[in-house]
Amino acid sequence: MNDEAAGADRPAPWWVRGIVYQIYPRSFQDTNGDGVGDLAGIIRRLPYLQWLGIDAIWISPFYPSPMADFGYDVADYCDVDPIFGTLADFDRLVAAAHEAGIRIILDFVPNHTSNQHPWFLESRSSRDNPKRDWYVWKDPRPDDGVPNNWISNFGGSAWTFDAATGQYYYHAFLKEQPDLNWRNPAVRAAMHDALRFWLDRGVDGFRVDVIWHLIKDGEFRDNPVNPGYEMGRAEIERLLQVYSCDQPEIHQVIAELRAVLDAYDGDRVLIGEIYLPLERLVAYYGENLEGAHLPFNFQLLQAAWDARHIRALIAEYEAALPDGGWPNWVLGNHDRPRIAGRLGPAQAKIAAMLLLTLRGTPTLYYGDEIGMEPVPVTGADIRDPWELNEPDLGLGRDPSRTPMQWDRSPGAGFTEAKPWLPLARDWQDRNVEVAMNDPDSLLSLYRRLIALRREEEALSVGAYLELAAEGDILAYQRTYGDHVLVVVLNLGHHAMPFDLPPGLAGEVIAATHGARDGARLTGRVEVAPDEGFVLRTAPH
Ligand code: GLC
């Protein structure tokens, strides 16, 4: 299972070797002076992405939307919101990206629509409307009204009463995001058509939003109380999400989505957003790999930054993968605190080296490659509905969504207007232009590692073998045929010795500390604080 993902008879699909870069389009590049990024902006920045060397961009939603959850409330699955441009802009983006050798992955949001979607307007218009059953409607319970105890992921009850028709509708997120009823075959058919709309326009795959939520318990039983809940945490954590998501029938639904993609040529990829413990997560590959190609692995987003702990979670993940299931790793996204803020600038380099040398498709989040840190967003600047619903718990996602820092100009090269979220204070020093010209920058390291992963099959598709190490050192070997690379990472701020396996000698081909580059190493190596390097040991 450790070598080629797809077996010997067929070359591995592009997404096995590929590197994915997530773009939050509101914050990437504004071209029309409204302070919000747009599709034309992504086209403008393709040369940068090509220079960086990534293989695919996943673009967060740009569909028509009232923006209650910044595009994750879709009012039309088959168009572009005017704030981002037009379908013609989208077609231009696909053509230009493909010309540049970059694939396009869309964000598909099937669990819920906007409450302004024509389907929901119809559904709520009367109890006997043909689309009534496209959403989840329930009668009030005699005692307290709400149909059960389920909580919205953004706080409060997950049920909203509709006075006109006397029933409640379910929303796992905002009340402006009613959940679709995926047990209804007409809903499935309509959503499959939406996928085909984009597949026909040439997209290379989808990242499917909250895919584990699509099917809910048939009896809508109450979720059990979470005995480990602590005050100060998000309200959703009060309950264990036993009945509201991750139901057995979900796997059939995903297999059907996958079949829609498989009817097209070109290895269109299906990625699933799934926050579940490992043993539940890997079920999303499907029993016979007919599920998601890449159920997102978010382990690194939440892991304590500790060598032993991370070594163990890599081992657990590798062991849990089904035969032929291809791994993947994610370091950041638009919902989680930025990695450079969590770890600091020195360890952000170690994290980059880890992400780009592990076995599995890496996904990186825009701005993490220049070490963007969480930007404090307060008072009237707050935009995230979660922060507005559950203030001051540190749940807000605005700090991870601020404008990309391109250069020193006012607006950081992102916009000539007032940006929709504030710029980081350090944008004049921390930006793409400055980092590109600094060989020791995080960005230069990212670019080097991306190039290396492309050159070295051992890094992209080679086997993973952990090496014994002590203290803060995390070390492993990646092997493909007679090519052997060794990765040594110091996750701490103190110098640490590391013993290369006996008889093994090699040359440093990528390093966080420039002075180490090109060094020939053997035996015991003194690893500097916050240092990481990749060593090539096999004949070349
Ligand atoms: C996913 C998205 C998040 C959104 C939520 C509801 O978790 O990543 O941004 O708010 O789904 O669609």
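Residues numbered from 1 in each chain as written. Predicted model: local features only at pLDDT ≥ 70, side-chain atom pairs only at ≥ 80, totals over all residues. Heavy atoms only, no water.

Student: How do you make sense of the overall build of the protein chain when you look at a structure like this?
Tutor: Secondary structure summary: the protein chain contains 16 helices and 19 strands in total. Over its C-alpha atoms, taken along the principal directions, the protein chain stretches across nearly 75 × 50 × 50 Å. Per-residue burial for the protein chain yields a buried fraction of 61% across its 540 residues. The long-range share in the protein chain, meaning contacts at least 24 apart out of those at least 6 apart in sequence, stands at 69%. Of the roughly 20,300 Å² of accessible surface on the protein chain, a fraction of 52% belongs to carbon and sulfur atoms. (Helix = DSSP H or I, 4+ residues; strand = E, 2+ residues; numbered from the N terminus. Buried < 20%, exposed > 50% of the residue type's maximum accessible area, 1.4 Å probe, protein only. Contact = heavy atoms within 4.5 Å. Areas by Shrake-Rupley, 256 points an atom, 1.4 Å probe, with all protein chains shown as cover.)

Student: Is there a simple way to explain the packing of aromatic side chains in this structure?
Tutor: If you walk through the whole model with that rule in mind, you get 35 aromatic pairs. Relative to Tyr170, the ring of Trp159 lies with its centre 5.3 Å away and its plane at 55 degrees, an arrangement referred to as tilted. Residue Trp159 is located in strand E5 (residues 159-162), and its partner Tyr170 is located in strand E6 (residues 167-170); the two are separated by 11 residues in the primary sequence. Three or more aromatic residues joined by ring pairs form one cluster here, namely Tyr21, Phe28, Tyr48, Trp51, Tyr365, Tyr366 and Trp406. (Phe/Tyr/Trp six-rings, centres within 6.5 Å; stacked < 30°, edge-to-face > 60°.)

Student: Where do I start with the pairing of strand E13 (residues 473-480) in this structure?
Tutor: Side chains on a regular strand alternate between the two faces of the sheet. A large share of E13 lies buried, amounting to six of its eight residues. Hairpin connection, strand E12 (residues 463-467) to E13: the antiparallel pair is bridged by five residues, and Gly471 has positive phi, about 55 degrees. One ladder, built from eight bridges, connects E13 with strand E14 (residues 483-490); its direction is antiparallel. Bridge pairing links Ala475 to Val488 in E14. (Pairing = 2+ DSSP bridges.)

Student: Hey, could you run me through the site of the ligand in this one?
Tutor: Around the ligand, the surrounding shell holds 14 residues, and the nearest of these are Asp69, His112, Asp209, Glu273 and Asp335. Asp69 is positioned with one of its side-chain polar atoms (N or O) 2.5 Å from an oxygen atom of the ligand. Measuring from an oxygen atom of the ligand, one finds a side-chain N or O atom of His334 at 2.8 Å. Protein contacts shield 96% of the accessible area of the ligand, which totals 310 Å² for the unbound molecule. In terms of residue class, the shell around the ligand is built from four nonpolar, three polar and seven charged. (Near = heavy atom within 4 Å. Polar contact = N/O pair within 3.5 Å; in protein donor to acceptor, adjacent residues only side chain to side chain. Nonpolar A, V, L, I, M, F, W, Y, C, P; charged D, E, K, R; others polar.)

Student: Help me understand helix H6 (residues 185-200), please; the structure alone is not making it clear to me.
Tutor: With 16 residues, H6 should cover 22 Å at 1.5 Å per step; its first-to-last C-alpha distance of 22 Å lies within 8% of that length. For H6, the complete set of buried residues consists of Val187, Arg188, Ala190, Met191, His192, Ala194, Leu195, Trp198 and Leu199. Elements that come into contact with the buried residues of H6 comprise helix H4 (87-99), strand E3 (103-108), helix H5 (118-125), strand E7 (205-208) and helix H7 (250-262). For H6, the side-chain oxygen to backbone nitrogen distance between the N-cap and Ala186 is 2.8 Å, and the N-cap itself is Asn184. Just downstream of H6, Gly202 is the residue with a positive phi angle, here 100 degrees. (Expected span 1.5 Å × (residues − 1).)

Student: Got a minute to help me understand H5 in this structure?
Tutor: What sets the pattern is the α-helix's 3.6 residues per turn: residues three or four places apart point alike. Within H5, burial applies to Trp119, Phe120 and Ser123. One side of H5 carries all its buried residues, which in axial view fall inside an arc of 90 degrees. Contacts made by the buried residues of H5 are with strand E4 (137-138), E6 and H6. (Arc of directions from axis to C-beta.)

Student: Would you explain the side chain of Thr165 in this entry?
Tutor: Tracing the backbone through its elements, the reader meets Thr165 in the loop between E5 and E6. In this structure Thr165 touches Arg124, Ser125, Ser126, Arg127, Arg132 and Trp137, once residues within four positions along its chain are discounted.

Student: I tried to follow the sheet that holds E6 on my own but got confused; where do I start?
Tutor: Two strands in a sheet stick together by hydrogen bonds in their backbones, pointing the same way (parallel) or opposite ways (antiparallel). The three strands lie next to each other as E4-E6-E5, forming an open sheet whose pairing is antiparallel. In this open sheet, the two strands that pair with only one neighbour each are E4 and E5. In terms of strand pairing, E4 meets E6 through two bridges, oriented antiparallel. What sits directly across from Trp137, in E6, is Tyr169.

Student: Any chance you could explain the pattern of salt bridges here in plain terms?
Tutor: Enumeration according to the criterion identifies 35 salt bridges in this entry. Between Asp335 and Arg401 there is a salt bridge whose closest N-O contact spans 3.1 Å. In this pair, Asp335 is assigned in the loop between strand E10 (328-330) and helix H11 (339-343) and Arg401 in the loop between helix H13 (385-389) and helix H14 (432-436), connecting sequence segments 66 residues apart. The burial state of Asp335 is the same as that of Arg401; both residues are buried. (Salt bridge = Lys/Arg side-chain N within 4 Å of Asp/Glu carboxyl O.)

Student: Can you help me understand the packing of H6 against H7 in this one?
Tutor: Helix packing for two helices is described by the angle between their axes and how far apart those axes are. In the contact formed by H6 and H7, the axes pass within 10 Å of each other and the chain directions differ by 30 degrees. Considering their axes alone, H6 and H7 lie roughly parallel with respect to each other. When you trace H6 past H7, the crossing you get is right-handed. Residues Arg188, His192, Leu195, Arg196 and Leu199 of H6 form the contact with H7, whose own contacting residues are Gln252, Val253, Glu256, Leu257, Val260 and Leu261. Among the residues making up the contact of H6 with H7, the classes are represented as six nonpolar, two polar and three charged. (Axes fitted to C-alpha atoms, helices over the stretch in contact; angles between N-to-C directions. Parallel < 35°, antiparallel > 145°, perpendicular 65-115°, else oblique. Left-handed = near helix turned anticlockwise from the far one by under 90°.)

Student: It is not clear to me how the nonpolar core should be interpreted in this structure. Could you clarify?
Tutor: Nonpolar side chains tend toward joint burial in soluble globular proteins. Within the largest apolar cluster, 165 residues are counted, with the highest numbers of intra-cluster contacts made by Tyr21, Leu49, Ile57, Phe62, Phe206 and Met404. When near neighbours in sequence (up to four residues on either side) are disregarded, Ile57 contacts Tyr21, Ile23, Ile42, Leu49, Ile102, Arg103, Ile104 and Ile105. By size, the runner-up hydrophobic cluster in this structure holds 17 residues, among which are Leu467, Val488, Leu504 and Val527. (Core = buried A, V, L, I, M, F, W, Y, C linked by side-chain atoms within 4.5 Å.)

Student: Just to check I follow, could you spell out the side chain of Asp73 for this structure?
Tutor: Along the chain, the position of Asp73 falls in the loop between strand E2 (56-59) and H4. In this structure Asp73 is buried but unpaired, with Arg26 as the nearest side chain of opposite charge at 8.4 Å. At 3.2 Å, the side chain of Asp73 and the backbone nitrogen of Asp69 are in polar contact. Sequence-distant contacts of Asp73, defined by excluding residues within four places in its chain, comprise Pro64, Ser65, Pro66, Met67, Ala68, Ser114, Glu176 and Gln177. (Lys, Arg positive; Asp, Glu negative; His and termini not counted.)

Student: Explain unusual backbone geometry to me, please; I cannot follow it from the model alone.
Tutor: In terms of backbone geometry, most residues other than glycine have negative phi values and most peptide bonds are trans. Positive phi values are uncommon outside glycine, yet Val210 reaches one of about 30 degrees. Within the fold, Val210 resides in the loop between E7 and H7. Exposure remark for Val210: the relative accessible area of 4% places this residue in the buried category. Located in the positive-phi region is Asp267, a residue other than glycine, with phi close to 50 degrees.

Student: Would you explain the sheet that holds strand E9 (residues 294-295) in this entry?
Tutor: With parallel pairing, eight strands are arranged side by side in an open sheet as E9-E8-E7-E3-E2-E1-E11-E10. The two strands at the open ends of the sheet, each matched to only one other strand, are E9 and E10. Note that E2 and E3 share four bridges and pair parallel. Its bridge partner lying in E3, Ala56 is registered against Arg103. Contacts from helix H12 (residues 345-357) reach E10 and strand E11 (361-365), with the element oriented near 145 degrees to E11.

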